[in-house]
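Spelled out from the first residue to the last, the chains are:
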Amino acid sequence: MEWVTATDGLAFVRVASPSAAEQAWADALAPAINAAIDRYLGAHYGLPADGAAEVSALALRAFGYGWKYREAPFGEAAYVDQAGQSVRLAGDWIVPIKPALSRWRDMGQLLG
């Protein structure tokens, strides 16, 4: 399922006029995020509208994490929050959103 598009992701990270390299990264990142979420959720049959809305919002967050990783392809990615604290990002772009994604995970996949 398409949870996030490159266009929506670029708007989320506030890139109005992407360079060719930025557009290429967004074009690669959005389907990767979508595939990772689909894999984690399983079949996601019967996902209610509020669930789909939440997962789409979470996909934008994951896009933001993936976008930040572009700055540190061989090291740790981090940012400084509004309080001046350094926040390290996880290596898997969907790790920070997995707790919320788990609400909508396919029960059959959880049982194994």
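Residues numbered from 1 in each chain as written. Predicted model: local features only at pLDDT ≥ 70, side-chain atom pairs only at ≥ 80, totals over all residues. Heavy atoms only, no water.

### Overview of the environment of G42
So, point 1. If you trace the backbone, G42 turns up in the loop between helix 2 (20–41) and helix 3 (49–69).
So, point 2. Along the chain, G42 and R105 lie 63 residues apart, while their C-alpha atoms are 6.6 Å from each other. (Helix = DSSP H or I, 4+ residues; strand = E, 2+ residues; numbered from the N terminus.)

### Considerations on the nonpolar core
Grouped burial of nonpolar side chains is what soluble globular proteins tend to show.
So, point 1. Ranked by size, the top nonpolar core spans 24 residues in total, and within it I33, I37, L41, V55, F63, I97 and L101 carry the most contacts.
So, point 2. Residue assignment for this core shows that the elements contributing at least two residues are helix 1 (6–12), helix 2, helix 3 and helix 4 (98–101).
So, point 3. Dropping the residues within four chain positions of it, I97 is found in contact with I37, L58, R61, A62 and Y65. (Core = buried A, V, L, I, M, F, W, Y, C linked by side-chain atoms within 4.5 Å. Buried < 20%, exposed > 50% of the residue type's maximum accessible area, 1.4 Å probe, protein only. Contact = heavy atoms within 4.5 Å.)

### Here's the deal with unusual backbone geometry
So, point 1. Positive phi is not limited to glycine here, since R14 has a value of about 60 degrees.
So, point 2. Within the element layout of this structure, R14 appears in the loop between helix 1 and helix 2.

### Topic: the packing of aromatic side chains
So, point 1. Scanning all chains against the criterion turns up one aromatic pair.
So, point 2. Note on F63 and W67: the rings are 6.0 Å apart at their centroids and 15 degrees apart in plane angle, and the pair reads as stacked. Taken as a pair, F63 and W67 lie in helix 3 at a separation of four residues, close to a single helical turn.
So, point 3. Given the relative accessible area of 13%, W67 is considered buried. (Phe/Tyr/Trp six-rings, centres within 6.5 Å; stacked < 30°, edge-to-face > 60°.)

### Let's talk about the environment of G64
So, point 1. Mapped onto the fold, G64 is located in helix 3.
So, point 2. Once the C-alpha coordinates of G64 and V13 are considered, the two residues, 51 residues apart in sequence, prove to be 6.1 Å apart.
So, point 3. Beyond its immediate sequence surroundings of up to four residues, G64 is in contact with F12 and V13.

### Side note on helix 3
So, point 1. Compared with the 30 Å implied by 1.5 Å per residue over 21 residues, the 30 Å span of helix 3 between its first and last C-alpha is a close match.
So, point 2. Buried within helix 3 we find G51, V55, L58, A59, A62, F63, G64, Y65, G66, W67 and Y69. (Expected span 1.5 Å × (residues − 1).)

### Topic: the packing of helix 2 against helix 3
Geometrically, a packed helix pair is captured by the angle between its two axes and the distance between the axes.
So, point 1. In contact at an axis separation of 9 Å, helix 2 and helix 3 are set at 130 degrees when each is read in the N-to-C sense. Here helix 3 runs oblique to helix 2, going by the angle between their axes. The way helix 2 lies across helix 3 gives a crossing that is right-handed. Packed against helix 2, whose contacting residues are E22, W25, A26, L29, A30, I33, I37 and L41, the element helix 3 presents V55, A59, A62, F63, G66 and W67 at the interface.
So, point 2. Grouping the constituent residues of the contact of helix 2 with helix 3 by class yields 12 nonpolar, one polar and one charged. (Axes fitted to C-alpha atoms, helices over the stretch in contact; angles between N-to-C directions. Parallel < 35°, antiparallel > 145°, perpendicular 65-115°, else oblique. Left-handed = near helix turned anticlockwise from the far one by under 90°. Nonpolar A, V, L, I, M, F, W, Y, C, P; charged D, E, K, R; others polar.)

### Concerning the side chain of D38
So, point 1. Note on placement: D38 falls in helix 2.
So, point 2. For the buried residue D38, which engages in no salt bridge, the nearest side chain bearing the opposite charge is R39, 11 Å off.
So, point 3. At 2.8 Å, the side chain of D38 and the side chain of W3 are in polar contact. (Lys, Arg positive; Asp, Glu negative; His and termini not counted. Salt bridge = Lys/Arg side-chain N within 4 Å of Asp/Glu carboxyl O. Polar contact = N/O pair within 3.5 Å; in protein donor to acceptor, adjacent residues only side chain to side chain.)

Worth remembering: the numbers are spatial, not functional.
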